[in-house]
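# Chain and residue survey
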Amino acid sequence: MSEVTQSYVPGTHPDMAPPAGQRGILLWLRKNLFSSWANSIMTIVGIYLLYKIVPPMFNWAVVDAVMYAGNREECQALGSGACWAFIKDRYRILIYGFYPEELRWRVDVSFLLLCAALVPILFDNAPMRKPWMLFSVSYPFIAGWLLLGGAGLTPVGTDEFGGMMLNTVVGVTGIAFSLPLGILLALGRQSHLPIVKSVSMCFIEFIRGVPLITLLFVASTMLNYFLPPGTTFDLLLRVLIMVTLFSAAYIAEVVRGGLQAIPNGQYEAANSMGLKYWQSMRLIVLPQALKISIPGIVNTFIGLFKDTTLVLIIGLLDILGIGRSSMADAKWNGLSNEVYISIAIFFFIACFGMSRYSIYLEGKLDKGYKR
Amino acid sequence: MKKLQIISAAAAVMALGVTAASAGTLQDVQARGELRCIVSTGLAGFAYTDSAGVYQGFDADFCRATAAAVLGDASKVKFVPATGKTRFTILNSGEGDVLWRNTTWTFVRDVDVKLTFVGVNYYDGQGFMAPKSLGVKSAKDLDGATVCIQTGTTTELNLADFFRSNKISYEPVPIETNDESRTNYLAGRCDVYTTDASGLAATRSTFPNPKDHVILPEIISKEPLGPVVRHGDDQWGDVIRWVLNATRGAEELGVTQANVAEMAKGTNNPEINRMLGTEGDLGAMLGLQKDWGQKVIGAVGNYSEIFERHIGKDTDIGLDRGLNALWTDGGIQYSPPFR
């Protein structure tokens, strides 16, 4: 007397194939593209727009593009599309800025080392993580030595930094130093010690109330009025400090949001376990709070990375600045699309990478919180 | 890297602490061994980076000439790129020593912004360009037009004056850089493109169809473009003024990059001898080496050579000398005597 009830997912019953419109590609199309009148119209309009946009863009960027030419006129004589020859002529300074040509291997090496240093920080299942971590911690010093020279290497001034390399230096430094500083500020703002609390609050509110561009401008020009005459204070260093402080204030608020999401019971539980303040923060509160804050933190980092182009205002030529001053070369004048598109690709890769990593991290950490 | 820098900078701050107040700019530059020269972030013919990342152009060459005079080496220049809005702040804060950045000499800038204009290296004037299809014959027909205009420049103010005095209206489209205005104009977001006439010609030459655009006959302003230094440093101002005069004087006297070494051995013309330092000691009066004039011409050539190399007839910019010819050739470029 056993009755077996077996259920099949529609379309998998061995006896009968579903009707033609209910399987395979037709089903998919109906479900996803033509599920209602409104959606059908949207689909058709969308396809029409793609047809209008994609082929001309493809023609411009690939089919009619020119890779080899000596100047704009040659380029435009050879093809009606993009003049990638210009980018080919300039990609080195777009990447390295004014860094001396024979020393550019040092930039390459420090970039490769950066990738290596990031592995144990980003992936906790990396092999030999502990010793590797030591390398990551010492990386800023190694990179500083490689980029600036000294102690056996030819010194290079920070005014020779430029291009993609400058964006990366400012972005990576800002990200690396603003996260710990931001966490401290967030804890400080929640602190019960009145001085710590008010200092953190004033700092955060002041920095958030002022645009980054103003801070950079202050760093580049106003600081000279305040410092004793004759002091020279490296411009890039001033920028790094300002960018770090700026993004730390934002990170602090993001982390504070995370801290507030932790129920009071967690704090009390930590206290009742006899944990001291820093122990309870490190072991109980912050791991939970930071996990909640990941999207916001990464959002701030992406914003920070894109904001590195603002250094153009104070006379540092980042990738955008180099692109602009290259465009003014009479030999190539007027090829702005090519330059802007190349720069956009660089930023897209960097920012998309960060955003994918944050999604990976969220997925990994969200044990037991799935709703 | 960052920590090292912070430590070393902190040490530097403490060590320098209260040093003597800065002397003159000339002494500062000589002590530093590097001239910080403010140039445009990118203007065809005047300042741009070449494929090796080196600044080139008419203004960039005057920076080199200054470095050659002050430091004896034309390569000891650090170019500080500045936008129209930031240039004076950068100069006044001491982040730059001199401004060679196609900057118009005006009353307010000279007097109220506390700058000193020490000469004019290019006489320009503001013009208009419009598509032929618009059918405009004169700038006075531009009633109701949208105009692309760079903010923070004198062109912006001239435009307002011109339209107001002719009692016609316009709609400004504010733009940050020359390249953006070019893009916006070509995309049809503004009917009219206005900037200095040198810039108009240079920009039109880069259009896909230059013949479809007309430069209107009106020149609505005087734009004397020249070098600027901080107010109150007359010695440094003198240096810049006479570097500029040396290039013009050399053209007038027939001294060129090619023959300067020959002429520096001594000529029959005492003015050439004084300029190149073989007679008298004009250099010492400026606080420079005796052979400063020779260094300037040896590094960049005379005015005509600089002009023809970057913006003259044979370049892509293709400008006539016009007002910028020497006074002996019908222009107004004129150097006081080296005496």
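Residues numbered from 1 in each chain as written. Chains lettered and ligands numbered in written order. Predicted model: local features only at pLDDT ≥ 70, side-chain atom pairs only at ≥ 80, totals over all residues. Heavy atoms only, no water.

## Thoughts on the side chain of B:Asn273
For B:Asn273, the position within the fold is in helix α11 (residues 270-276). Excluding residues within four positions of it along the chain, B:Asn273 makes contact with B:Gly266, B:Thr267, B:Thr278 and B:Glu279. (Helix = DSSP H or I, 4+ residues; strand = E, 2+ residues; numbered from the N terminus. Contact = heavy atoms within 4.5 Å.)

## Here's the deal with a nonpolar patch on the surface
Among the surface-exposed residues, A:Ile41, A:Val45, A:Tyr48, A:Leu49, A:Leu50, A:Tyr51, A:Ile53, A:Val54 and A:Met57 lie close enough to one another that they form a single nonpolar patch of about 930 Å² accessible area. Turning to its location among the elements, A:Met57 is positioned in helix α2 (residues 37-63). (Patch = residues over 30% accessible without salt bridge, like charges linked within 9 Å, V, L, I, M, F, W, Y side chains within 5 Å. Areas by Shrake-Rupley, 256 points an atom, 1.4 Å probe, with all protein chains shown as cover. Salt bridge = Lys/Arg side-chain N within 4 Å of Asp/Glu carboxyl O.)

## As for the pairing of strand β1 (residues 35-40) of chain B
Residue and element names in this part refer to chain B. Burial runs high along β1: six of the six residues are buried. Both β1 and strand β4 (residues 77-82) contribute to a ladder of six bridges, which runs parallel. Each residue of the ladder has a partner; that of Leu35, found in β4, is Val77. Bridge analysis of β1 against strand β5 (residues 98-104) gives two bridges, and the strand direction is parallel. (Buried < 20%, exposed > 50% of the residue type's maximum accessible area, 1.4 Å probe, protein only. Pairing = 2+ DSSP bridges.)

## Some words on the confidence of the model for chain A
For chain A, per-residue confidence averages 87 on the pLDDT scale, and residues scoring 70 or more make up 95% of the total. Mean pLDDT in chain A bottoms out at helix α9 (residues 212-226) of chain A, which sits at 81, and peaks at helix α8 (residues 194-208) of chain A, which reaches 94. (pLDDT = per-residue confidence, 0-100.)

## What to know about empty space enclosed by the protein
Empty space among the atoms becomes apparent when a probe as large as a water molecule is rolled across them. All told, the structure shown has two cavities of 30 Å³ or more when counted by the stated rule. Estimated volume of the largest cavity: approximately 500 Å³. Residue assignment for the lining of the largest cavity shows that the elements contributing at least two residues are α13 (319-327) of chain A together with β5, α6 (154-165), α7 (178-186), β11 (192-196), α8 (197-204) and β13 (223-230) of chain B. Among the elements that line the lining of the largest cavity, the one with the most residues is β5(B), at four residues. (1 Å grid on protein atoms, 1.4 Å probe; cavity = no way out; pocket = protein on both sides within 12 Å on 5 of 7 lines; lining within 4 Å. Points joined across faces, edges and corners; volume = space filled by probe spheres on them.)

## Some points on helix α2 (residues 25-32) of chain B
Residues and elements named next belong to chain B. Every buried residue of α2 is listed here: Thr25, Leu26 and Val29. The buried residues of α2 occupy one face: seen down the axis, they fall within an arc of 105 degrees. Next to the buried residues of α2 lie β1, α3 (58-71), β13, α9 (234-253) and α12 (282-286). Gly33, located one to two residues past α2, shows a positive phi value of around 75 degrees. (Arc of directions from axis to C-beta.)

## Thoughts on the nonpolar core
Membership of the largest hydrophobic core comes to 103 residues, with the highest contact counts inside it found for A:Leu259, B:Phe58, B:Trp236, B:Val255 and B:Trp292. A per-element tally of this core places helix α12 (residues 277-307) of chain A first, with 10 residues. With near-sequence residues (within four places) excluded, B:Trp236 lies in contact with B:Thr25, B:Leu26, B:Val29, B:Leu35, B:Thr66, B:Val70, B:Asp97, B:Val98 and B:Val229. (Core = buried A, V, L, I, M, F, W, Y, C linked by side-chain atoms within 4.5 Å.)

## Things to note about the packing of helix α7 (residues 163-190) of chain A against helix α10 (residues 235-260) of chain A
All names here are of chain A. Put simply, α7 and α10 touch, their axes get as near as 5 Å, and they point 45 degrees apart. In terms of their interaxial angle, α7 and α10 are classed as oblique. When the axes of α7 and α10 are compared, the crossing they make is right-handed. Split by residue class, the contact of α7 with α10 holds 21 nonpolar, eight polar and three charged. (Axes fitted to C-alpha atoms, helices over the stretch in contact; angles between N-to-C directions. Parallel < 35°, antiparallel > 145°, perpendicular 65-115°, else oblique. Left-handed = near helix turned anticlockwise from the far one by under 90°. Nonpolar A, V, L, I, M, F, W, Y, C, P; charged D, E, K, R; others polar.)

## Some words on the state of the cysteines
All told, the structure shown has three disulfides over all chains when counted by the stated rule. In this model, A:Cys75 is linked to A:Cys83 through a disulfide, with the two sulfur atoms separated by 1.9 Å. Sign of the S-S torsion, about 90 degrees for the bond between A:Cys75 and A:Cys83, identifies this disulfide as right-handed. Assessed through its relative accessible area of 1%, A:Cys75 is described here as buried. Overall, A:Cys83 belongs to the buried group, its relative accessible area being 2%. Linked covalently through their sulfurs, B:Cys37 and B:Cys63 form a disulfide whose S-S length is 1.9 Å. Residues B:Cys37 and B:Cys63 are joined by a disulfide whose S-S torsion is about -65 degrees; by sign, that bridge is left-handed. With B:Cys37 in strand β1 and B:Cys63 in helix α3, the pair connects residues that are 26 residues apart, well separated along the chain. A relative accessible area of 0% means that B:Cys37 is categorised as buried. Accessibility expressed as a relative area gives 0% for B:Cys63, which makes it buried. (Disulfide = S-S within 2.5 Å.)

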